[in-house]
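These are the residues of each chain, in order.
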Amino acid sequence: MSLVNMRELINKADKEGYAVGAFSVANLEMVMGAIRAAEELNSPIILQIAEVRLNYSPLHLIGPLMIGAAKKAKVPVAVHFDHGLTEEKISEALEIGFTSVMIDGSKNSLEENISITKKIVKKAEAYGAAVEAEIGIVGGSEDGSEDIKMKYTDVLEAKRFFEETKVDALAVAIGNAHGLYKFEPKLNLQRLKEIDSVIEVPLVLHGGTGITAVDFKNSIKYGIRKINVATATFNSVESKVYDLYKYKENRDYFKLHTTEVLGAYENVKKHIEIFGSKMKA
């Protein structure tokens, strides 16, 4: 149990046909709530933070907190650096003890994406860490600051990318987007099925907020083994805090603390049950 390599979690999920939830966190309360849900449901879990969020949660503070929580957990927990954009921060995450990192070179040409990914794979090997990358472009941006147009993952490009980089997990673009969807998402499950048929690596679905339970389960059927959820958890925490201050007369810091924990716990628990990882620890 406790702190594990992400590769171990998603490979097991691949063999058994479910997905592991990767939940973005920003503070102590969110970490506590996520692990509480995982322990209650006896589920593996991935705690993660994206590079664009570090202005709010500095890596040298949030990173050791995530690692410490994982080590004490009663279920397997991987700690992942999501959407790494710079070698500097990826290296810092590896030094802190993150068990997986993502290098996001999806905005570059295929050749540049392959080149930078191979460099990070080599670096991560020295730490025994797993590497995730992205091929195609998932719509929106991780922090909601940009309206990035989605580019569907090309099947042959995905095959070439994996063969040349040998990453442990590959994020794909099949109609999914970061943040809140402006319209109901329509996942291209046929494209996902085609990608899954030509490469032997667990696939990752970013932009989990707003995707229906049915689409989640269908995507898992065709190879998705890691599902990222960020905005939904942040919104759940914010909503609980809003209700606390709107309706409760007797409140203090510790009520705020427990309310934030509850907000994260409820959303993580809901998604674990959808992803099929309950009792898979």
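Please refer to the structure higher up on the page.
Below is a summary of the structure that appears in this document. Computed from a predicted structure; not experimentally measured.

## Here we look at the overall build of the protein chain
Working step 1: Looking only at helices and strands, the protein chain has 10 helices and nine strands in total.
Working step 2: Against the globule reference of 19 Å for 281 residues, the protein chain gives a C-alpha radius of gyration of 18 Å, in line with a compact fold.
Working step 3: Oriented by its inertia axes, the alpha-carbon framework of the protein chain measures out at about 60 × 40 × 35 Å.
Working step 4: In the protein chain, which comprises 281 residues, the share counted as buried stands at 56%.
Working step 5: Looking at the protein chain alone, contacts between residues at least 24 apart form 74% of all its contacts between residues at least 6 apart.
Working step 6: Total accessible area computed for the protein chain in this model is approximately 12600 Å², and 51% of it derives from carbon and sulfur atoms.
Working step 7: In the protein chain, the 36 positive side-chain charges and the 39 negative ones have mean positions that sit 4 Å from each other.

## Examining the pattern of salt bridges
Working step 1: On inspection of all chains with the given rule, the structure shows 14 salt bridges.
Working step 2: For E16, the salt bridge is made with K12, and the minimal N-O distance between the two is 3.2 Å. Placement of the pair is E16 and K12 together in helix 1 (residues 6-16), with a separation of four residues, close to one helical turn.
Working step 3: Take E16: its relative accessible area is 41%, and that puts it in the partly exposed class.
Working step 4: Relative accessible area serves as the criterion here: at 32%, K12 is assigned to the partly exposed category.
Working step 5: For R225, the salt bridge identified is with D14, shortest N-O distance 3.0 Å. Remark: D14 occurs in helix 1 and R225 occurs in strand 9 (residues 224-229); sequence separation between them is 211 residues.
Working step 6: The class of R225 is buried, set by a relative accessible area of 7%.
Working step 7: A relative accessible area of 37% means that D14 is categorised as partly exposed.
Working step 8: Shared partners join several salt bridges into a network, and the residues in it are K12, E16 and K280.

## So, the pairing of strand 9
Working step 1: Counted residue by residue, strand 9 has six buried out of six residues, so it is predominantly covered.
Working step 2: Two strands pair when backbone bridges link them, and strand 2 (residues 20-24) and strand 9 are joined in this way by four bridges, in the parallel orientation. Following the sheet pairing, A22 is matched in strand 9 by N228.
Working step 3: Relative to strand 9, strand 8 (residues 203-205) is paired through three bridges, and the arrangement is parallel. Across the sheet, L203 pairs through a bridge with I224, a residue of strand 9.

## Notes on helix 1
Working step 1: What helix 1 keeps buried is the set M6, L9, I10 and A13. Projection of helix 1 onto a plane perpendicular to its axis shows the buried side chains occupying an angular sector of 85°, all on one side.
Working step 2: Two to three positions downstream of the cap, the backbone nitrogen of R7 sits 2.7 Å from a side-chain oxygen, assigning the N-cap of helix 1 to N5.
Working step 3: One or two positions beyond helix 1, positive phi appears at G17, with a value near 80°.

## Some details on the nonpolar core
Working step 1: Ranked by internal contacts, the top residues of the largest apolar core, which has 70 residues, are M66, F81, F98, L170, L203, I227 and F275.
Working step 2: Ranked by residue count, the leading element in this core is helix 2 (residues 28-41), at seven residues.
Working step 3: For I227, the residues in contact, after removing those within four places along its chain, are A19, V20, G21, A22, L205, F216, I220 and F275.
Working step 4: Core analysis: the second largest hydrophobic core is formed by 14 residues, V4, L9, A78 and V204 among them.

## Here we look at helix 10 (residues 253-275)
Working step 1: Look at helix 10: 33 Å from first C-alpha to last across 23 residues, which is about the 33 Å you get at 1.5 Å a residue.
Working step 2: Between a side-chain oxygen at the N-terminus of helix 10 and the backbone nitrogen of F254 the separation is 3.1 Å; the capping residue is D252.
Working step 3: Following helix 10 by one or two positions, G276 has its phi on the positive side, about 85°.

## Description of unusual backbone geometry
Working step 1: Non-glycine residue H83 carries a positive phi angle of around 50°.
Working step 2: With respect to the element layout, H83 can be found in strand 4 (residues 76-84).

## Considering the packing of aromatic side chains
When we look at a pair of aromatic rings, we describe it by the centre distance and by the angle of the planes.
Working step 1: For the coordinates displayed, the defined rule picks out three aromatic pairs.
Working step 2: Relative to F98, the ring of F81 has its centre 6.2 Å away and its plane inclined at 85°; by these criteria the two rings are edge-to-face. Of the two residues, F81 sits in strand 4 while F98 sits in the loop between helix 4 (87-96) and strand 5 (100-103), which places them 17 residues apart along the sequence. Note on accessibility: F81 and F98 belong to one class, buried.
Working step 3: Each ring, one from Y253 and one from F254, has its centre 5.1 Å from the other, and the planes form 80°; the classification is edge-to-face.
Working step 4: Its end group placed over the ring of F162, K166 keeps NZ or CZ at 5.1 Å from the ring centre.

Conventions adopted
Residues numbered from 1 in each chain as written. Predicted model: local features only at pLDDT ≥ 70, side-chain atom pairs only at ≥ 80, totals over all residues. Heavy atoms only, no water. Helix = DSSP H or I, 4+ residues; strand = E, 2+ residues; numbered from the N terminus. Rg over C-alpha atoms; globule rule 2.2 N^0.38 Å. Buried < 20%, exposed > 50% of the residue type's maximum accessible area, 1.4 Å probe, protein only. Contact = heavy atoms within 4.5 Å. Areas by Shrake-Rupley, 256 points an atom, 1.4 Å probe, with all protein chains shown as cover. Lys, Arg positive; Asp, Glu negative; His and termini not counted. Charge placed at Lys NZ, Arg CZ, Asp CG, Glu CD. Salt bridge = Lys/Arg side-chain N within 4 Å of Asp/Glu carboxyl O. Pairing = 2+ DSSP bridges. Arc of directions from axis to C-beta. Polar contact = N/O pair within 3.5 Å; in protein donor to acceptor, adjacent residues only side chain to side chain. Core = buried A, V, L, I, M, F, W, Y, C linked by side-chain atoms within 4.5 Å. Expected span 1.5 Å × (residues − 1). Phe/Tyr/Trp six-rings, centres within 6.5 Å; stacked < 30°, edge-to-face > 60°. Lys NZ or Arg CZ within 6 Å of the ring centre and 35° of its normal.

Keep in mind that these numbers describe shape and distance, not what the molecule does.
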